[in-house]
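One-letter residues, chain by chain:
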Amino acid sequence: IGVVDTGIWPESRSFSDEGYGPIPSRWKGKCQLGPDWGSNNCTRKIIGARFYTAGVLDKHLKADTLSPRDRNGHGTHCASTAAGSIVEAASFNGLAEGVARGGAPRARIAVYKSGWGSGSFSTASVLAAIDDAIHDGVDVLSLSIGGRGQVAFGALHAVQKGITVVYAAGNDGPRPQTVGNISPWVITVAASKVDRSFPTVITLGNKQQIVGQSLYYQAKNSSGSSFAGLLVGQGCTADTLNGTDVRGIILFCLPLPDDARTPVSTFEYASQYVRNGGGSGLIFAQYTTDLLTVTASVACQGIACVLVDLDTGEKIIKYVGAARYTVLCSEFHQTNPCD
């Protein structure tokens, strides 16, 4: 499988070559070296590695390294999704533990780094990568790089050579009609929701328990959950918070009435505001936009960030309206229960 993306992180266990035989003699690929990529980074699993800079702006190249190594993370994610080896006991800091594997875990991988920095691709770099992949002898080409009309003709050339080309659809819910790659000669794979939940129990001061979701985890030396005061914020933007003191309390953010899709930027701002202000947590009421992965972002490190839907948010509002003192506690994954 040839992966045209932002490179790869070869040390990941997903790319172990344990149990692999010799590289097929028909393979014509090469291992292109760089300042942080040696010949030992190409293995019986990662059998080819190249990089392409044509048409890419210098500012994006300077934010990266001139090698097949992935400094962005997207290419590693896509390569492991397509052909990651079986990894036992994989988890996110103890959450969702299980077996991680790609769609074809025994397939070998050839890397064609065409994306740089934060994910800047050029048509020239991608087309050059496709040409080399055809010459090298890949059986499948994977391109998860968004809608690029001109690149589609390079993909057609690969298909004419008998190579199966797989594109990411580029869809971004919950809005309809967001598919970006529609060429009829490629296989287009749409993104979907995560097929599991990450329940996080919130205990109100009256002992009522409601459930949200979060990827928050408690460090081994954590003192556990405890009650804290609750502050309700409307919108939780720079204008609405306006220097509000959040020390030691949990901020509960509600979307503005005219904001049908609370953006990720608002969540990130609110979580950073709580963290910088010495707050203990953030509860964020949202519409259908999926922000779950953002709860594991840098902005949430050290504080509890929990997402709730609007119906659950209404339950918290009713509690606030009826309570003389508003306190609550977050209890994560049935550990460290709130007293």
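Here's what I pulled together on the structure shown here. Source: prediction; values computed, not measured. (Residues numbered from 1 in each chain as written. Predicted model: local features only at pLDDT ≥ 70, side-chain atom pairs only at ≥ 80, totals over all residues. Heavy atoms only, no water.)

## Let's talk about the pattern of salt bridges
And then number 1: Throughout the structure, instances matching the rule amount to nine salt bridges.
And then number 2: Note that aspartate 136 and arginine 50 form a salt bridge whose closest N and O atoms lie 2.8 Å from each other. Separated by 86 residues along the polypeptide, aspartate 136 in helix α3 (residues 123-136) and arginine 50 in strand β2 (residues 46-51) bring together distant segments of the chain.
And then number 3: Accessibility expressed as a relative area gives 1% for aspartate 136, which makes it buried.
And then number 4: On the basis of relative accessible area, arginine 50 is assigned to the buried category, the value being 10%.
And then number 5: Of the charged contacts in the structure, one is a salt bridge between arginine 247 and aspartate 245, with a shortest N-O distance of 2.9 Å.
And then number 6: For arginine 247, a relative accessible area of 63% gives the class exposed.
And then number 7: Residue class for aspartate 245 comes out partly exposed when judged on its relative accessible area of 45%. (Salt bridge = Lys/Arg side-chain N within 4 Å of Asp/Glu carboxyl O. Helix = DSSP H or I, 4+ residues; strand = E, 2+ residues; numbered from the N terminus. Buried < 20%, exposed > 50% of the residue type's maximum accessible area, 1.4 Å probe, protein only.)

## Overview of the environment of proline 10
And then number 1: Mapped onto the elements, proline 10 comes out in the loop between β1 (2-5) and β2.
And then number 2: Of the residues examined, proline 10 reaches a relative accessible area of 11% and is grouped as buried.
And then number 3: Along the backbone, proline 10 and threonine 43 are 33 residues apart, and their C-alpha atoms lie at a distance of 8.9 Å.
And then number 4: Filtering out sequence-adjacent residues up to four positions away, proline 10 remains in contact with Phe15, Trp37, Asn41, Ile46 and Arg69. (Contact = heavy atoms within 4.5 Å.)

## Structural notes on the state of the cysteines
And then number 1: The final tally for this structure, using the stated rule, is three disulfides.
And then number 2: Disulfide partner of cysteine 236: cysteine 253, at an S-S distance of 2.0 Å. Looking down the S-S bond of the cysteine 236 and cysteine 253 bridge, the torsion is -100°, so its handedness is left-handed. Highlighted residues: cysteine 236 in the loop between β13 (228-234) and α5 (238-241) and cysteine 253 in strand β14 (residues 249-254), separated in sequence by 17 residues. For the pair cysteine 236 and cysteine 253, a shared accessibility class is recorded, and that class is buried. (Disulfide = S-S within 2.5 Å.)

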